[in-house]
Amino acid sequence: MTEFSRIKNAMGKSTSSNNPVHRQGLFALELCDREFGFFREVIYRECGIKLTEMKKALMQARLMKRLRELNMKDYSEYRDYVIENYSSEIVNLINCITTNKTDFFRESNHFDFMHSVVLPEFEKLGKKSLRIWSAGCSTGEEPYTIAITLFEYFRDRRMPDIKILATDIDTQVIEKGRHGVYKADIIDVIEPEVAKRYFLKGKDDNEGFFRIKEFVRDIVYFRRLNLLDETFPMKRMFDIILCRNVIIYFDRESQKKLFANFYRYLHDDGYLFVGHSETLTGITDKFNFVKNTIYKKAL
Ligand SMILES: C[S@@+](CC[C@H](N)C(=O)[O-])C[C@H]1O[C@@H](n2cnc3c(N)ncnc32)[C@H](O)[C@@H]1O
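Numbering of residues starts from 1 in each chain and follows the order in which that chain's sequence is written. For a predicted model such as this one, the threshold for reporting local features is a pLDDT of at least 70, and the threshold for listing and counting side-chain atom pairs is 80 or more; totals across whole chains, interfaces and linings nevertheless cover every residue.

### As for unusual backbone geometry
The test is simple: Each helix corresponds to a stretch of at least 4 residues labelled H or I by DSSP, and each strand to a stretch of at least 2 residues labelled E; elements are numbered beginning at the N terminus.
Phi is positive for Asn 71, which is not a glycine, with a value near 60°. Take Asn 71: it is sitting in the loop between helix 4 (56-70) and helix 5 (75-84). Although it is not a glycine, Thr 293 sits at a positive phi angle of roughly 70°. Within the secondary structure, Thr 293 sits in the loop between strand 9 (287-291) and strand 10 (294-297).

### Considering the packing of helix 3 (residues 33-47) against helix 6 (residues 86-97)
The cut-off we apply is this: For helices, the fitted axis covers only the stretch in contact; all axes are lines through C-alpha atoms, and the angles between them, taken along N-to-C directions, range from 0 to 180 degrees. To sort the angles, those under 35 degrees are grouped as roughly parallel, those over 145 as roughly antiparallel, those from 65 to 115 as roughly perpendicular, and the leftovers as oblique. C-beta atoms are placed from the backbone for every residue, and two residues are taken to be in contact when these atoms lie within 7 Å. Three residue categories are used. Nonpolar comprises Ala, Val, Leu, Ile, Met, Phe, Trp, Tyr, Cys and Pro, charged comprises Asp, Glu, Lys and Arg, and polar comprises the others, including Gly.
At a minimum axis separation of 11 Å, helix 3 and helix 6 run at an interaxial angle of 100°. With respect to helix 6, the element helix 3 is oriented roughly perpendicular. Only Ile 90, Leu 93, Ile 94 and Ile 97 of helix 6 make contact with helix 3, whose side of the interface consists of Val 42, Ile 43, Glu 46 and Cys 47. Considering only residue class, the contact of helix 3 with helix 6 consists of 7 nonpolar, no polar and 1 charged.

### Details of the domain arrangement of the protein
Selection rule: Where a domain begins and ends is set by an automatic assignment or by a domain database.
Split into domains, the protein comes out as domain 1 (15-97) and domain 2 (109-297). Between the C-alpha centres of domain 1 and domain 2 the distance comes to 31 Å. With 7 residues of domain 1 in contact, the opposing surface of domain 2 contributes 10 residues. Element by element, the count of residues in the side of domain 1 that touches domain 2 is highest for helix 6, at 3 residues. By residue class, the composition of the side of domain 1 that touches domain 2 is 4 nonpolar, 2 polar and 1 charged.

### Notes on the sheet that holds strand 9
Test applied: Strand pairing follows a simple DSSP-based rule, namely that at least 2 bridges must link the two strands.
Reading across the sheet, the 7 strands line up as 6-2-1-7-8-10-9 and stay open at both edges, with mixed pairing between neighbours. Since the sheet does not close on itself, it has two edges, and those belong to strand 6 (220-224) and strand 9, each with one partner. Between one strand axis and the next, the sheet turns through 20° on average, direction left out of account. By the bridge criterion, 7 bridges tie strand 1 (residues 129-135) to strand 2 (residues 161-168) in an arrangement that is parallel. The residue bridging Arg 131 from the neighbouring strand is Lys 163, located in strand 2. Relative to the sheet, helix 9 (residues 171-179) contacts strand 2 and strand 6, its axis offset from that of strand 6 by approximately 165°.

### Regarding the nonpolar core
Note the cut-off: The nonpolar core is taken to be a set of buried Ala, Val, Leu, Ile, Met, Phe, Trp, Tyr and Cys residues joined by way of C-beta atoms within 7 Å. We call a residue exposed when 12 or fewer other C-beta atoms sit within 10 Å of its C-beta, buried when the count reaches 20 or more, and partly exposed for counts in between; the C-beta positions come from the backbone.
Formed by 52 residues in total, the largest nonpolar core has its most connected members in Ala 147, Ile 241, Cys 243 and Leu 272. Residues within four places of Ala 147 in sequence aside, it is in contact with Ile 164, Val 216, Ile 219 and Val 220. Grouped together as the second largest cluster of nonpolar side chains are 16 residues, Phe 39, Leu 67, Tyr 75 and Ile 97 included.

### Some points on the packing of helix 4 against helix 6
Rules: Handedness of a helix crossing follows the sense of rotation of the near helix relative to the far helix, less than a right angle counterclockwise being left-handed and clockwise being right-handed.
Packing of helix 4 against helix 6 leaves a shortest axis separation of 9 Å and a crossing angle of 135°. In terms of axis orientation, helix 4 runs oblique to helix 6. Here helix 4 runs over helix 6; the crossing is right-handed. Each of Met 59, Arg 62, Leu 63, Lys 65 and Arg 66 in helix 4 lies in contact with helix 6, whose residues at this interface are Asn 92, Cys 96 and Ile 97. Class assignment of the residues belonging to the contact of helix 4 with helix 6 gives a composition of 4 nonpolar, 1 polar and 3 charged.

### Quick notes on the site of the ligand
Quick note on the threshold: A molecule or strand has a residue near it when that residue's C-beta atom, placed from backbone coordinates, lies within 6 Å of it.
The environment of the ligand is made up of 24 residues, and the closest members are Thr 98, Thr 102, Gly 136, Ser 138 and Ile 169. Taken together, the residues of the shell around the ligand break down into 8 nonpolar, 10 polar and 6 charged. A domain-level breakdown of the shell around the ligand finds at least three residues from each of domain 1 (15-97) and domain 2 (109-297).

### A closer look at the pairing of strand 1
Under the convention used in this document: Whether a crossover is right-handed depends on one test, that the path from the first strand over the helix to the second runs clockwise when the strands point away from the viewer.
The buried fraction of strand 1 is high, at 6 of 7 residues. Crossover handedness for the path strand 1 to helix 8 (residues 141-153) to strand 2: right-handed. The sheet contact formed by strand 1 and strand 7 (residues 238-243) spans 3 bridges and is parallel. Bridged to Trp 133 within strand 7 is Ile 241.

### Concerning the environment of Asp 285
As for its placement among the helices and strands, Asp 285 is situated in the loop between strand 8 (266-274) and strand 9. Looking at Asp 285, the number of C-beta atoms within 10 Å reads 9, which means it is exposed. Measuring from C-alpha to C-alpha, the distance between Asp 285 and Tyr 295 comes to 11 Å, with 10 residues separating the pair along the chain.

### Digging into helix 6
Worth spelling out the cut-off: Here, expected helix span is obtained from the residue count minus one, scaled by 1.5 Å. Arc, as used here, means the arc of the directions from the helix axis to the C-beta atoms.
The end-to-end C-alpha distance of helix 6, which contains 12 residues, comes to 16 Å, matching closely the 16 Å that a straight helix rising 1.5 Å per residue would cover. Listed in full, the buried residues belonging to helix 6 are Leu 93, Ile 94 and Ile 97. Down the axis, helix 6 shows its buried residues gathered within 100° of arc, on one side only. Among the structural elements, helix 3, helix 4 and helix 5 are those in contact with the buried residues of helix 6.

Spelled out as structure tokens, the structure:
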């Protein structure tokens, strides 16, 4: 089996099984307030995600998958398991809870702006290298969209040295991003001519899937990173930081801490992009508003 088919099989993994716990009616199990309170507190402490009462049903559904994998009878057994195996299980608990919705060219005005304003500006400044950070990158569509935007811009120009750092707290999405295999309909938003330059079309067993070409994968570096950590391990600063559709889940304090860190990591002439429903108003005055959801460092 090729690596491409293994990835594809894993993506299409069925959730049904012969696990006896399923047949005994695990689906009827309810997450009681005590357990909900516990998991909610752990998730908030570890990744800053605030889960309101309204999210109880969502958490119940998401954790059920993990209960099945561990063959557990109820949520209190899983709670005890988390307490006893905290350092190894916390990653799996977080993976269950994160919301990873993303798309290629999501909020496409950002990539148009990069192409028409940011990259010409950087070119004029004579930048020899570009460092870009997709913070909260989910399954990789965002960092690969950045890569495609850059490759397209520099097609007939001198290409600087480009590195894109793609980070997320969820280890499963990072793994998927690293492999760079996507269902064909997901790349429908990309013009066929452009897609041909950056994707390999799956054949036979891989029909219906596309894989990002190696030269594109080579400039994108996926790493697990919790944006709520006090300090980050990166040594270099960035020309562009994208943190889109991530801070909506954070409380004000966590947002303030994060943007103070972004300020430290952004070059003076760098750009910061946030999600369509996010704003820095009331969080920080260290960035100047350029255009809706696009900011530059205030000097
Ligand atoms: C809704 S997705 C957004 C993906 C992409 N930025 C986009 O806009 O299409 C939010 C991502 O943020 C990640 N995330 C949530 N809390 C995080 C944290 N504390 N540190 C790092 N990543 C986090 C989630 O795992 C998820 O993949």
